[in-house]
Amino acid sequence: MANQFIEFYYKTFDQNRSSLAALYHDNSMLTFENAAIRGTAAIVEKLVSLPFEAVVHQVATKDVQPSNENGGILVLVTGALLVDKEQKPMSYTQAFQLLPDGQGSYFVFNDVFRLVYAAS
């Protein structure tokens, strides 16, 4: 399930960010770098407004754990992303907490994204 989610999320992000709305609910939260955002509309607005035209995520690692007794799933992803025509990838880490939606599927309750910069 987690592998399918990761593949779908990044493929959708890379091709049509506005389509990610279906993965979030009004109580979902996103922390993108330092910005904390809540709710489907605000999250999608943030993702769509990111200052690049094209992006490609390259997943390097993925770790998955059950997150609670109600069937939640914690997903941690690391990887690299190429933005626009940039040839030097940027490293990132992203964590998702997926919760059952009560209809046999899952939604993103928590989403935390952070670029990883080289230690100085």
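Treat the numbers as computed from the prediction; the structure is a model and nothing was measured. (Residues numbered from 1 in each chain as written. Predicted model: local features only at pLDDT ≥ 70, side-chain atom pairs only at ≥ 80, totals over all residues. Heavy atoms only, no water.)

> What is the right way to read the UniProt feature "domain: NTF2" (unreviewed entry) in the protein chain from this model?
With numbering matched to this structure, UniProt assigns "domain: NTF2" (unreviewed entry) to residues 1-115. End C-alpha to end C-alpha, residues 1-115 measures 25 Å, and it is 20% helix and 50% strand. (UniProt positions renumbered as here; feature names shortened; annotations may be inferred. Helix = DSSP H or I, 4+ residues; strand = E, 2+ residues; numbered from the N terminus.)

> What is the right way to look at the packing of aromatic side chains in this model?
Any pair of aromatic rings gets described here by the distance separating the centres and the angle formed by the planes. Under the counting rule described, the total for this entry stands at ten aromatic pairs. Each ring, one from F32 and one from F113, has its centre 4.7 Å from the other, and the planes form 10°; the classification is stacked. Within this pair, whereas F32 is found in strand β1 (residues 24-32), its partner F113 is found in strand β6 (residues 106-116), the two being separated by 81 residues in sequence. Residue class for F32 comes out buried when judged on its relative accessible area of 14%. Classification of F113 by relative accessible area gives buried; the value is 6%. Taken together, F5, Y9, Y10, F13, F32, Y92, F96 and F113 form an aromatic cluster joined through their ring pairs. (Phe/Tyr/Trp six-rings, centres within 6.5 Å; stacked < 30°, edge-to-face > 60°. Buried < 20%, exposed > 50% of the residue type's maximum accessible area, 1.4 Å probe, protein only.)

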